[in-house]
Amino acid sequence: LVLTSTFPRWPNDPDPPFVFDLSRRLSRHFEVYILAPHTSGAPLSEELDGLTVKRFKYAPEKLEKLAYNGGIITNLKRNPVKSLLVLPFILSELLSAYRLIKQHNIDVIHAHWILPQGLVVIMLKLLAKSIPPVLCTAHGADVYTQKSRLMTSIKRSILNRCDCITVVSNAMKVSVLTMGITRPIFTMPMGTNLTERFIPGPENEKKQQIIFVGRLVEKKGISYLLDAFARLHKSFPEYQLLIIGEGPEEKHLKVQARQLGIEKSVDFKGGLHHDKLPSYYQSSEIAVFPFIKTGYGDQEGFGLVLVEAMGCQCCVVTTNIDTVKDIVLHEETGILVKEKDSNAIYNALTHLIDDADQKFKMASNGRHHVKEHFGWEKIAVGYADLIGRIISNKSSC
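Being a predicted model, the structure only gives us computed values, none of them experimental.

K.L.:
Would you explain the side chain of T192 in this entry?
P.N.:
Within the secondary structure layout, T192 lies in the loop between strand 8 (185–187) and strand 9 (207–213). Since its relative accessible area comes to 1%, T192 is described here as buried. Beyond its immediate chain neighbours, meaning those up to four positions away, T192 contacts F198, H274, L304, V307, E308, F374, G375 and W376.

Listed below in structure tokens is the structure:
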């Protein structure tokens, strides 16, 4: 049983598909049930690529807006009134999970995110006599936000009652260990398809184009990219900036582009389905991901978009936050710059535009690096082996 708050709601949903991608690969080894929150327009139940998907209702349909479109943390920050939905969300997920466990003789529960899914399974352990062993995967915001003494204590209590824990980056493992966790922790990132989907295109089809892909939220740091591009545009007016994604910062970012006088050179494409992304990466010379740590502690947990861009042989520029250093080796597979520094982004971009040989070398190195470490072939097998060990041992990984 997979518990998640991010899962495709309908065909061509632009929300991140990594839980879906992992789960459908695990369905080659196990019978997989998905429990995700319902939202307006999504079916309550469906069979999807070998997965049985159930969506739990937690409010009248028009009010089911706690998850998706940026994630729970972002939605609560944007509209604190939505905190009234948290309790019914947790209770509904709890009851729905309990029913699925009893109906289908579940052997193991895979909870994505410490909160709320990890909390739900711990509540299940307290309320029911016999609950399957639990694997909890932390993705980023669940570790880096809500760091008060009380919330840290709650997260520590949740994780120490799980049977096994995975995190998506080595830097996150260090952060989790500082909470006082005694359970086994493994670094196991999400993967992507680097053999058929995110692959290089013809080199002669590269355009004078810079690309960003991701949710339009504060921790992505897109405003710093716009400032850098405005300066770059004065020296290299032939370059275009492509921004793919949707989110609460979209209106503000469009206003910023207009105020900087670059609106004609910045193309906001909106959210696109995962299958449509490779062609945009393949036609772009450089991909920029200016991740930042927000004032309330949120930051990127891994940076799967980096892997996708590098798989398509884009040369990448990103910030030197610890969680991306598993992917980007400075001046070997990409360039790391200081966060919240538009001048550093500008300098990196001008350097790459001026030095085509180094740009091509880093792009090639990046493709080789991610294919070796982050393809689904390797990641999914690792998760299947781990889950198999949990089932065999009934409690320990």
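K.L.:
Would you explain the sheet that holds strand 8 in this entry?
P.N.:
Pairing between the strands of a sheet is mediated by backbone hydrogen bonds and can be parallel or antiparallel. Sheet architecture is open: 8 strands sit in the order 3-4-2-1-5-6-7-8, paired in mixed fashion. If you trace the sheet from one side to the other, it starts and ends with strand 3 (45–48) and strand 8, each paired once. In the packing of helix 7 (residues 170–177) onto the sheet, contacts are made with strand 6 (134–138), strand 7 (164–167) and strand 8, and the angle to strand 8 comes to roughly 160°.

K.L.:
Explain the packing of helix 8 (residues 222–235) against helix 12 (residues 342–354) to me, please; I cannot follow it from the model alone.
P.N.:
One can describe the packing of helix 8 onto helix 12 by two numbers: an axis separation of 8 Å at closest approach and a directional angle of 45°. Judged by the angle between their axes, helix 8 and helix 12 are oblique. The handedness of the crossing between helix 8 and helix 12 comes out as right-handed. Across from Y224, L225, D227, A228, R231, L232 and S235 in helix 8, the residues of helix 12 making contact are S342, N343, I345, Y346, L349, T350 and I353. Its residues assigned to classes, the contact of helix 8 with helix 12 comprises 8 nonpolar, 4 polar and 2 charged.

K.L.:
Please explain the pairing of strand 10 (residues 240–244) as it appears in this structure.
P.N.:
In summary, the side chains of a regular strand alternate between the two faces of the sheet. Most of strand 10 sits out of view: 4 of its 5 residues are buried. Here strand 9 runs beside strand 10; their pairing, made up of 5 bridges, is parallel. For V213, the partnering residue across the bridge sits in strand 10 and is I244. You can see the chain leave strand 9, run along helix 8 and come back into strand 10, and the turn it takes is right-handed. Alignment of strand 10 against strand 11 (residues 266–270), held across 4 bridges, turns out to be parallel. If you follow I244 over to strand 11, its bridge partner there is G270. Viewed along the sheet, the connection from strand 10 through helix 9 (residues 250–260) into strand 11 turns out right-handed.

K.L.:
What is the right way to read the pattern of salt bridges from this model?
P.N.:
Close approach of charged atoms allows side chains with opposite charge to pair. Using the criterion set out here, one finds 15 salt bridges in the structure. With a closest N to O distance of 3.0 Å, R197 and D275 form a salt bridge. On the criterion of sequence distance, the pair formed by R197 in the loop between strand 8 and strand 9 and D275 in the loop between strand 11 and helix 10 (277–282) is long-range, its members being 78 residues apart. In this structure D275 comes out as partly exposed when scored by relative accessible area, which is 47%.

K.L.:
Explain the sheet that holds strand 11 to me, please; I cannot follow it from the model alone.
P.N.:
Within the open sheet, the 6 strands sit side by side as 11-10-9-12-13-14. Their pairing is parallel. Strand pairing shows two members of the sheet lacking a second neighbour, strand 11 and strand 14 (335–337), which therefore form its edges. Each strand of the sheet is rotated relative to its neighbour by a mean of 20°, with strand direction disregarded. Note that strand 9 and strand 12 (residues 284–289) share 3 bridges and pair parallel.

K.L.:
Explain the state of the cysteines to me, please; I cannot follow it from the model alone.
P.N.:
Linking two cysteines covalently via their sulfur atoms produces the bond known as a disulfide. Tallied over the entire structure, the rule returns 0 disulfides. Take C136: it sits in no disulfide, and the sulfur closest to it among the cysteines is that of C162, at 4.6 Å. Left unpaired, C314 is separated from the closest cysteine sulfur, that of C312, by 6.3 Å.

K.L.:
Honestly, the packing of aromatic side chains in this entry has me stumped. Any pointers?
P.N.:
Each aromatic ring pair is specified by the distance between its two centres and by the angle formed by the two planes. Following the criterion strictly, the structure yields 10 aromatic pairs and no others. Pairing F56 with Y58 gives two aromatic rings, centres 6.2 Å apart and planes at 50°, and the pair type is tilted. Among the residues examined, Y58 registers a relative accessible area of 7% and is labelled buried. Judged by centre distance (5.1 Å) and plane angle (80°), the rings of F56 and F89 are edge-to-face. Residue F56 is located in strand 4 (residues 51–56), and its partner F89 is located in helix 3 (residues 86–104); the two are separated by 33 residues in the primary sequence. Judged on exposure class, the residue F56 and its partner F89 are both buried. Ring-pair connections join several aromatic residues into one group, and the members of that group are F56, Y58 and F89.

The rules behind the values
- Residues numbered from 1 in each chain as written.
- Predicted model: local features only at pLDDT ≥ 70, side-chain atom pairs only at ≥ 80, totals over all residues.
- Heavy atoms only, no water.
- Helix = DSSP H or I, 4+ residues; strand = E, 2+ residues; numbered from the N terminus.
- Buried < 20%, exposed > 50% of the residue type's maximum accessible area, 1.4 Å probe, protein only.
- Contact = heavy atoms within 4.5 Å.
- Pairing = 2+ DSSP bridges.
- Axes fitted to C-alpha atoms, helices over the stretch in contact; angles between N-to-C directions.
- Parallel < 35°, antiparallel > 145°, perpendicular 65-115°, else oblique.
- Left-handed = near helix turned anticlockwise from the far one by under 90°.
- Nonpolar A, V, L, I, M, F, W, Y, C, P; charged D, E, K, R; others polar.
- Right-handed = clockwise from strand over helix to strand, strands pointing away.
- Salt bridge = Lys/Arg side-chain N within 4 Å of Asp/Glu carboxyl O.
- Disulfide = S-S within 2.5 Å.
- Phe/Tyr/Trp six-rings, centres within 6.5 Å; stacked < 30°, edge-to-face > 60°.

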